[in-house]
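Listed here are the chains, written in short residue letters.
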Amino acid sequence: MPKQKDVELDNAPTENYNADQIQVLEGLEAVRRRPGMYIGSTDIRGLHHLVFEVVDNGIDEALAGKADLITITIDEDNIVSVSDNGRGIPVDLHPQTGKSALEVVMTKLHAGGKFGGGGYKVASGLHGVGVSAVNALSEWFESTVRREGKLYRQTYKRGVPQGDVKEVGKYPAGERSGTIQRFFPDKQIFKTIDYKFDVLAQRFREMAFLTKGLTIKFLDEREDRTATFYFEGGVTSFVRYLNKNRKVLHAPFHVSAPIEGNYIEAAIQYTTDYNDSVYTFANNINTVDGGTHLTGFRTALTRTLNDYARRNKVLKEGDPALTGEDTREGLTAIVSVKLPEPQFESQTKAKLGNAEMKTQVEAVVGEALGEWLEEHSREAREIIQKGITAARAREAARQARDLVIRKSALESLSLPGKLADCSLRDAENAELYIVEGASAGGTAKEGRDRKFQAILPLRGKIMNVEKSRLDKMLQNEEIRALITAIGTGVGNQFDMANLRYSRVILMSDADVDGAHIRTLLLTFFFRYMTPLIEHGHLYIAQPPLYKVKIGKEEQYVYDDHALEELRKKNKNGRFDLQRYKGLGEMNPEQLWETTMNPENRTLLQVTIEDAAEADRTFDMLMGNEVPPRKRFIQTHAKNAKLDV
Ligand code: 0RA
């Protein structure tokens, strides 16, 4: 568990405090006492959040048109530095408090954070709590401002200023102003300080797509990796990127327009795929649960395509109109809106609620798309034709699905042959392990507690969910076994009342193939059994990575960080290390002891965000062409383990 008990603010200055300082201290203490309230968690996710928060500040400056370069460096000691070439945080005295504006920014919790009332800026700062929360959660923080030829600096420990803002030098005339933020996360708070390059890089790429003209440089000195993101085309580049392994039907359509104080941007490009990949953003935050901007976008798409099709007789009299679903087959799109006062809903706070956004997006996209279709009749016809084909296929699919579902209803008494069910019939306490591979399946069957643990072995790679339709998937034996065992059905037939196990646990190897199959399964659950995840029934088992023998004592180790710690503690003794590559390398007793026994094991509960992330990774991994995917897996093999 995170260390959420009272944390003493050591290093606090000892002179008498005035009311203002007391308020600041109370604010910092609140953050340290409940870090989760401010940054979500104290695991790797929360750690990354610190970086995003600081980078967001630089992005704000870029969105204001004052900065065009942000550089993020992680040095060998996990010290993060974020610099931008904006105006520099003001350092002049704040009239009410008599303090430097920099100190106020760095120490005062800002109104309008996640839990305050209202008042976000039109900026990405929604991650939202302000840099002062990052400061409070950092062992130390150092802010340097370049303004008007001078360098100013203030340092902090666990959020507490170590003296006033001081002028510390000059910078060469002609060079740009800016802000440099350096910090070291507090190990008393965070379970890990080992940043993941790929996770950070993915988000930086996204930020660069969403902020046209901005360059983001990322240097990781720990493993000598660098990445630079700059996209001339903004969201248009984003859809090109998403489609880079797909066959596209046309050059992207793009629209951007201010409307009533808000700003709307969208890019669209159809591909030969069956699925749609539509990503929506509000103030640069990925709204994974959609919301009003998505609804407006979909309405515009369906209406505009149908209007065009009727007017130009692509749809004949008597033909049924295209449904929303028909118009989305093969669609790749980005919808990005900026608004001064976003309202977020839903559990993950990733659903936009502002009602005016529906009308505004619908108007902006509808009008521009209508014009584009008129000017691109070849493309227009092709897109609509694809919709018509989709409608036909969907009808055929519905019939096939009815057949499958009816068939499996008849078969419902006969659970899949490969399922080793548990004896307990009470779903509340029953769990299902989904195990990759027949041999690991065998080990799990022997190692389990058969009273409440059921095992379903899956044969190798289940099929590529991304590329096939639901009806095709339902004909896949592995998938059907999975669905029957869980009991709930899928898609709009999903019924939680029939859930047969309250915990569905994915157990796969700690290697690239294991990560792959886990991504596949998460994608499947994300797309077809969403409520299962939303209600917290989906888990990932955590088998150990190593067995360490120190003297006579054996110990299982679950991650590299723990291994490192153990090494440090036992510098001199004999240290035998066995690496587990697969579940199959453990015997049944070991598997029970380390991974299945509720008294020892750790299970990771899958959240909707995890699954959405997997779905996205999947999107990237699974284009239609094989070679790029293979390349990706090879170059990223070391990092291919999902952080879920
Ligand atoms: C408030 C006012 C001004 C700049 C900034 C904040 C600012 C904040 C951050 C945070 C990271 N980088 C930043 N760069 C600028 C404008 C002050 C002026 O008018 O010069």
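The model shown is predicted, which means the values in this text are computed figures rather than measured ones.

Considering the packing of aromatic side chains
Applying the stated criterion to the full structure yields 13 aromatic pairs. Ring geometry for Tyr556 versus Tyr580: centroids 6.4 Å apart, planes at 25 degrees, classification stacked. Note that Tyr556 is positioned in strand β24 (residues 553-557) and Tyr580 in the loop between β25 (575-579) and α18 (588-596), a separation of 24 residues in sequence. Tyr556 gets classed as partly exposed once you look at its relative accessible area, which sits at 25%. Put simply, the rings of Phe209, Phe231, Phe238, Tyr241 and Phe281 touch in pairs and so form one group of aromatic residues. The ring centre of Tyr171 lies 4.4 Å from the NZ or CZ of Arg146, which sits over that ring.

Side note on the site of the ligand
Residues in contact with the ligand, as listed here, are Asn57, Glu61, Asp84, Arg87, Gly88, Ile89, Pro90, Arg147 and Thr179. Taking Asp84, its side chain carries an N or O atom lying 2.7 Å from a nitrogen atom of the ligand. Between Arg147 and the ligand, the recorded distance is 3.1 Å, taken from a side-chain N or O atom to an oxygen atom. Here the ligand, which alone exposes 450 Å², has 66% of that area covered by the protein. In terms of residue class, the shell around the ligand is made up of 2 nonpolar, 3 polar and 4 charged.

Digging into the confidence of the model for the chain
Keep in mind that low pLDDT regions are not for reading the predicted coordinates in detail. Mean pLDDT over the chain works out to 85, with 84% of the residues at or above the 70 mark. A low-confidence stretch, residues 111-127 stays under pLDDT 50, and its non-local contacts, those more than four residues away or across chains, total 49 contacts. Every residue in residues 623-644 scores below 50 in pLDDT, and together they form 39 contacts with partners more than four places removed in sequence or on other chains.

So, the side chain of Asn135
Looking at the secondary structure, you find Asn135 in helix α5 (residues 131-136). Assessed through its relative accessible area of 0%, Asn135 is described here as buried. In contact with Asn135, other than residues within four places in its own chain, are Met106, Thr107, Phe141, Tyr156, Arg158 and Gly159.

As for helix α15 (residues 512-528)
Between its first and last C-alpha, α15 extends 24 Å over 17 residues, near the 24 Å set by a 1.5 Å rise per residue. Taken across its 17 residues, α15 has 14 buried, putting it largely inside the fold.

Concerning the sheet that holds strand β13 (residues 262-270)
Spatial strand order, β12-β13-β16-β14-β15: 5 strands in an open sheet with mixed pairing. Bordering the open sheet on either side are β12 (253-259) and β15 (285-286), each of which pairs with just one other strand. Bridge analysis of strand β14 (residues 277-282) against strand β16 (residues 331-338) gives 6 bridges, and the strand direction is parallel. Residue pairing across strands places Ala282 opposite Val337, the latter belonging to β16.

Overview of the side chain of Thr302
Position of Thr302 relative to the elements: it lies in helix α8 (residues 292-311). Leaving out residues up to four positions away in the same chain, Thr302 has contacts with Leu322, Thr323, Gly324 and Thr327.

Digging into the pattern of salt bridges
If you walk through the whole model with that rule in mind, you get 27 salt bridges. One salt bridge in this structure joins Lys418 and Glu478, with 3.1 Å as the shortest N-O distance. A residue pair is termed long-range when its members are at least 10 positions apart, and Lys418 in the loop between α11 (377-410) and β19 (431-436) and Glu478 in helix α14 (residues 477-486) qualify at 60 residues. For Glu478, a relative accessible area of 4% corresponds to the buried category. Three or more residues joined by partner-sharing salt bridges are found here, namely Arg32, Arg158 and Asp186.

As for helix α7 (residues 235-242)
Most of α7 is tucked away: 6 of the 8 residues are buried. Among the residues making up α7, those that are buried are Val235, Thr236, Ser237, Phe238, Val239 and Leu242. As for α7, its buried residues are in contact with α6 (197-210), β12, β13, β14 and β16.

Some points on the sheet that holds β25
The 3 strands are arranged β24-β23-β25 in an open sheet whose pairing can be described as antiparallel. Taken across any chain shown, the strands that pair with only one partner, and hence form the sheet edges, are β24 and β25. Put simply, the sheet's adjacent strands are angled 20 degrees from each other on average, direction ignored. As defined by bridge partners, strand β23 (residues 546-550) adjoins β24 across 5 bridges and the pair is classed as antiparallel. Counted as the bridge partner of Val548 is Gln555 from β24.

Focus on unusual backbone geometry
Its identity is not glycine, yet Glu148 carries a phi of approximately 50 degrees, on the positive side. Relative to the elements of secondary structure, Glu148 occurs in the loop between β5 (138-147) and β6 (150-157). For Glu148, a relative accessible area of 70% corresponds to the exposed category. The backbone of Asn283 sits at a positive phi, close to 50 degrees, despite the residue not being glycine. Of note, Asn283 is situated in the loop between β14 and β15. The class of Asn283 is buried, set by a relative accessible area of 0%.

A short note on the nonpolar core
Ranked by internal contacts, the top residues of the largest apolar core, which has 65 residues, are Val51, Val55, Ile72, Phe183, Phe204 and Ile334. Broken down by element, the residue count for this core peaks at 9 residues, all from helix α3 (residues 44-63). Here Phe183 is in contact with Leu50, Val51, Val54, Ile79, Val80, Val134, Ser138, Trp140, Phe141 and Tyr195, once residues within four sequence places are set aside.

Structural notes on the packing of α8 against helix α10 (residues 355-375)
Relative orientation of the contacting elements α8 and α10 amounts to 30 degrees, with a least axis distance of 7 Å. As far as their axial angle goes, α10 and α8 are roughly parallel. Regarding α8 and α10, the two cross each other, and that crossing is right-handed.

Overview of the pairing of β14
Within β14, 5 of the 6 residues are buried, which leaves it mostly tucked inside the rest of the structure. Hairpin remark: β14 followed by β15, antiparallel, with 2 residues in the connecting loop; positive phi at Asn283, about 50 degrees.

The rules we used
- Counting from 1, residues in each chain are numbered in the order their sequence is written.
- Residues qualify for local features only when their pLDDT is at least 70, as the model is predicted, and side-chain atom pairs are given and counted only at 80 or more; totals for whole chains, interfaces and linings, by contrast, use all residues.
- Neither water nor hydrogens contribute to the side-chain values; these are computed over all heavy atoms in the structure.
- Any pair of Phe, Tyr and Trp rings, taking the six-membered ring for Trp, is counted once the centres come within 6.5 Å. Such a pair is stacked with planes under 30 degrees apart, edge-to-face with planes over 60 apart, and tilted for the rest.
- Strands here mean DSSP runs of E at least two residues long; helices mean DSSP runs of H or I at least four residues long; both are numbered from the N terminus.
- Throughout, exposure labels follow a simple rule: accessible area from a 1.4 Å probe, protein chains only, divided by the maximum for the residue type, with under 20% read as buried, over 50% as exposed, and the rest as partly exposed.
- In this scheme, Lys NZ or Arg CZ marks a charge over a ring once it lies within 6 Å of the ring centre and within 35 degrees of the ring normal.
- Proximity is defined per residue: if any heavy atom of the residue lies within 4 Å of a molecule or strand, that residue is considered near it.
- Whenever two N or O atoms come within 3.5 Å, that pair is a polar contact, provided that in protein one can donate a hydrogen and the other can accept it, and provided that, for residues adjacent in sequence, both atoms are side-chain atoms.
- Note on areas: Shrake-Rupley with a 1.4 Å probe; residue coverage comes only from the protein chains shown.
- Lys, Arg, Asp and Glu make up the charged group, whereas Ala, Val, Leu, Ile, Met, Phe, Trp, Tyr, Cys and Pro make up the nonpolar group; the residues left over, Gly among them, are polar.
- Each residue carries a pLDDT value, the predictor's own confidence for that position, ranging from 0 to 100.
- Should any heavy atoms of two residues lie within 4.5 Å, those residues are considered in contact.
- Take the number of residues in a helix, subtract one, and multiply by 1.5 Å to get its expected span.
- Pairs of strands are assigned from DSSP output, requiring at least two bridges between the strands.
- Salt bridge, as applied in this entry: a Lys or Arg side-chain nitrogen positioned within 4 Å of an Asp or Glu carboxyl oxygen.
- Whenever a helix is involved, its axis is fitted only over the stretch in contact; in every case the axis is a line through C-alpha atoms, and angles between N-to-C directions fall within 0 to 180 degrees.
- Side-chain atoms within 4.5 Å are what join buried Ala, Val, Leu, Ile, Met, Phe, Trp, Tyr and Cys residues into a set we call a nonpolar core.
- Put simply, angles under 35 degrees are roughly parallel, angles over 145 are roughly antiparallel, angles from 65 to 115 are roughly perpendicular, and the rest are oblique.
- Should the near helix be turned counterclockwise from the far one by less than a right angle, the crossing is left-handed, whereas a clockwise turn marks it as right-handed.

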